[in-house]
Structure formats: structure tokens, C-alpha cells
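Residue strings, one per chain:
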Amino acid sequence: MGLAGGHAANAHMLLKGPLSNFPFRDGNGLFYITADLDNAKVQYVKDWPPIENIRGQFILKNTNITIKTTSGVLQRNQLDPTVVIIPDFSDPNGVYLTADGNAHGSTANFMDYLKHTPINDVIGKLPEKLATEGNGNVKIHLKVPFKDPKHTEVKGIYHFDNNNVKFDLPIPLLSGVNGDLGFTQRGVEINNLGATIFNSQAKLTSGINENGKMWFKVFATNLDYQALTKFYLQPFESIVSGKADTLVSFQIGKHGIENLDATSQLRGVTFDAPIPLAKSANESRAMSLTLQPSPNNTGVVIRWSYTDLLKGQQFISSKSAATNGQIAIGRDVDYLAKTDPNAVIG
């Protein structure tokens, strides 16, 4: 930890005890300094955003250093009362720092904070792939070993307060995002985050699997299938209506989203199509949709099926809304071996 700037006032020092025992790690003496800090800057761990514009108190007691902040700025968000402690700067077993604090402000600034920490790589650089509107607050705990700061322990919770989240991916806008996102040095964990997607309420949970990759599940009650079809499969928008419960699962690795799967029995959805594709709202028929990055990472490939009667696959470029692909109708029907590269949907 380093005090990288600022001003100190009202400093006081007390030195008591035999100097041969300085700095009195065993308590056989007292070395005590206090000072008021103003506009100070603390670089609590290398390669992490510093705490700036600090107002608070600096306390040194023998081998313990404590900074108690009453206010400050962390990546342009306002820092609430926070405590940074080095329990023993002469510990032969290893010196470490702990920081416990709270901050509030815009979610965009919090995502920018994550971009500038090692957590960004752990979560597949997800903060770089989304834009947010709205505010929230964060509670964070850090434990930083000075000899090996790469092994910093992180535990925190970010609370979304009615946010909008837009991914730089073929995923629709999430509006009215409310709830808590937990994060550690291993990834993110979510127990019950609420949002609106495709005109429907959804609940998001996430965790970390045994391979260290993050998984996410979104359960949407009464998902609007006309809105979903308009977003992904525009040619079918006019024949699809209604809502159905839907489960969406996806996994994130160090390079981003690795796969996304959506499944539903489509109960409540109507297909206004010729028999045997036609479906009434009270019927149940299986639907699945899978999304994966293209092999050369220039977009995504979407594969979908409607029972065993209809299936399709299409490529969506990361630089264009235009898509190309194929649709196969009928049981045991495969895609064409050769396709017209100029055939474009939408």
C-alpha cells in the first residue's frame, strides 16, 4: 500500500519505550501517529484503481497502519466510510492489507472499475461487452498479500437499482434490473437477480462450476414469443404469438460466452401455420435454441428446433444485423450440403 498524494493536518506523535525495541511489535512500548487526511490518494494494490480524494484519518500504532476514510472516490463513484488496514508491517510470515468499504454511484463506473482489475479476465471480459444505465451500490472486501498481489482475495456484492443492461452480443436489452450480484476473484455468483426481457419478468442465478467457469440460468415466466421471434427469427414473426415459460442457460469462459441454450414446452404459444406445424395455445411442443460463437469469432451461430418438424441454423455477424442460414422442414430432413452464399434473411 502506498499513500500516493494528498495533505495531512493536525498530526500528533507519541513515542514511549526503549528504542532498542522499536517499532515495539511485542507491545513493549508505543509508537503512535495520527493525522487528518485531505485529498489523499491510496494505491492499495498494484494494477487496481486507486482510492482518490480521500478525507479521513491516518493512524500508525507500532506496526499497525490504519486508514479510516469518511469519503473518497473510487473509479468516479463516491466512496462511503471505508477502512484500510495493514495489521503488521513487520510480520515475518508475510505482510498483507485488508480493505473493507462501500461505494455508491453509476453502474457504468462500477463496470469500468472491474475492467481495470484482474477480475475482468476471470469473467471473460464481460464488463467490456455491455453498456449500463442506472445506479447501484457496492460492498467490497479485499485481502492483499504484498509478496504476491496476484493472489488478492476479493469478496463483494453489487446491488443493481432499476438498471438497464445492453450486451454487445445478440442478447436483448435487460430492463428493470434489480438485485444483488456477488463477485470474488474466481468469478460472479447471483442468487436472485430480477429483470424484464422480451416483455416478461425473469430471474437470474449464476455460479462457478468445477472447471472454474461461470454458469448462468435465466428463468422467464410467460416469455413473449412474438418479441423473441422478431429479435432472432424475423421471417416467422407474423405466425407466432403468445407467451410461455422458458429456461435459458449459458456459460462464460475467459474468452466470453461459450454457449447459450434455451428450452421451452411452448404451452401458451400459438403457431398460425399449416398442419403439421400449426399449434394451439393449450398444446405443449418442445422448442430448443442454441447460440455459440462462430469458429473464427466473427459472430455467432444460432441453431434452433421445433419438435422434430422444423429446424434451422443461421449466422449473425458481429458487425451487421444481416444473417444467412438454412431452414429444414419435415422429419429426418437434413440441411443442404451446398448453399447460396448470397441468400440473406432480414
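Not measured: the values here are computed from a predicted model.

### What to know about the packing of aromatic side chains
Applying the stated rule across the entire model yields 13 aromatic pairs. Centre to centre, the rings of Phe198 and Tyr232 are 6.4 Å apart; their planes meet at 70 degrees, and the pair counts as edge-to-face. Here Phe198, found in the loop between strand E11 (187-197) and strand E12 (200-208), pairs with Tyr232, found in helix H3 (residues 225-232); they are 34 residues apart in sequence, far enough to count as distant. The two residues Phe198 and Tyr232 agree in class, both being buried. With a centroid separation of 4.8 Å and an interplanar angle of 80 degrees, the aromatic rings of Phe231 and Tyr232 are classed as edge-to-face. By way of ring pairs, the aromatic residues Trp48, Phe110, Tyr113, Tyr158, Phe160 and Phe183 are connected into one cluster. Lying across the ring of Tyr96, Lys143 places its NZ or CZ 4.7 Å from the centre. Its end group placed over the ring of Trp215, Lys217 keeps NZ or CZ at 5.9 Å from the ring centre.

### Observations concerning the confidence of the model for the protein chain
Of the residues in the protein chain, 93% reach a pLDDT of 70 or more, and the chain-wide mean stands at 87. Confidence scores differ between elements of the protein chain, with strand E20 (residues 323-329) showing the lowest mean pLDDT of 79 and strand E16 (residues 269-271) the highest of 95. Segment residues 342-346 is flagged for pLDDT under 50; beyond a separation of four residues in sequence, or across chains, it makes seven contacts in the model.

### A look at the pairing of E12
In the sheet, E11 pairs with E12 via six bridges, with the strands oriented antiparallel. Residue pairing across strands places Ala195 opposite Ala202, the latter belonging to E12. From the end of E11 to the start of E12, which pair antiparallel, there are two residues, and Phe198 there has a positive phi angle of about 50 degrees. Where E12 meets strand E13 (residues 214-224), seven bridges bridge the pair, whose relative direction is antiparallel. Paired with Ala202 across the two strands is Ala220, which belongs to E13. A loop of five residues connects E12 with E13, the two strands running antiparallel in sequence, and Gly212 in this loop sits at a positive phi of about 80 degrees.

Reading guide: rules and limits
Residues numbered from 1 in each chain as written. Predicted model: local features only at pLDDT ≥ 70, side-chain atom pairs only at ≥ 80, totals over all residues. Heavy atoms only, no water. Phe/Tyr/Trp six-rings, centres within 6.5 Å; stacked < 30°, edge-to-face > 60°. Helix = DSSP H or I, 4+ residues; strand = E, 2+ residues; numbered from the N terminus. Buried < 20%, exposed > 50% of the residue type's maximum accessible area, 1.4 Å probe, protein only. Lys NZ or Arg CZ within 6 Å of the ring centre and 35° of its normal. pLDDT = per-residue confidence, 0-100. Contact = heavy atoms within 4.5 Å. Pairing = 2+ DSSP bridges.

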